[in-house]
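Each chain, letter by letter, is given below.
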Amino acid sequence: MGMRVVIRVRPGAVKAGVGGAYGDALVVKVAARAVEGRATEAALRAVAEALGVRRRDVRLVSGATSRDKIVEVDGDVAQLTREIDRLLGS
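First things first, this report covers the structure right here in the doc. Source: prediction; values computed, not measured.

The rules behind each value
Residues numbered from 1 in each chain as written. Predicted model: local features only at pLDDT ≥ 70, side-chain atom pairs only at ≥ 80, totals over all residues. Heavy atoms only, no water. Pairing = 2+ DSSP bridges. Helix = DSSP H or I, 4+ residues; strand = E, 2+ residues; numbered from the N terminus. Axes fitted to C-alpha atoms, helices over the stretch in contact; angles between N-to-C directions. Contact = heavy atoms within 4.5 Å. Buried < 20%, exposed > 50% of the residue type's maximum accessible area, 1.4 Å probe, protein only.

### Section: the sheet that holds strand β2 (residues 17-22)
The five strands are arranged β2-β3-β1-β5-β4 in an open sheet whose pairing can be described as mixed. Each edge of the open sheet is held by one strand with a lone partner, namely β2 and β4 (58-62). For this sheet, the mean angle separating the axes of adjacent strands, direction not counted, is 40°. Pairing of β2 with strand β3 (residues 25-29), which is carried by four bridges, proceeds in the antiparallel orientation. In the sheet register, Ala21 faces β3, and the bridge partner there is Leu26. Strands in contact with helix α1 (residues 38-51) are β1 (2-10), β2, β3, β4 and β5 (68-74); relative to β4, the strand with the most contacts, it is inclined by about 130°. Against the sheet, helix α2 (residues 77-88) makes contact with β1, β2, β3 and β5, and its axis sits at roughly 25° relative to β1, the strand it touches most.

Right, dumping it as structure tokens:
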């Protein structure tokens, strides 16, 4: 079971982390630059860590070359929803 999450990636951040909102999207700051998919991969790893799931449980659905991406996260939907709400600051 899984759910889709909209994320907004901010590459080249001094301090990496997951949290805050950009519209309806969860903000993911990564140190990696947006070159050759490095920022996307770093964002997927960061989302997995922030939500307490394995990296393989987070898949990019759309937005490979955009700062706005949709990812699918496998796991307990109720638990994931609580974590995402917490990270968004709700």
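### Digging into the side chain of Glu83
Its place among the elements puts Glu83 in helix α2. Since its relative accessible area comes to 18%, Glu83 is described here as buried. With sequence-adjacent residues up to four places away left out, Glu83 is seen in contact with Ala50 and Leu51.

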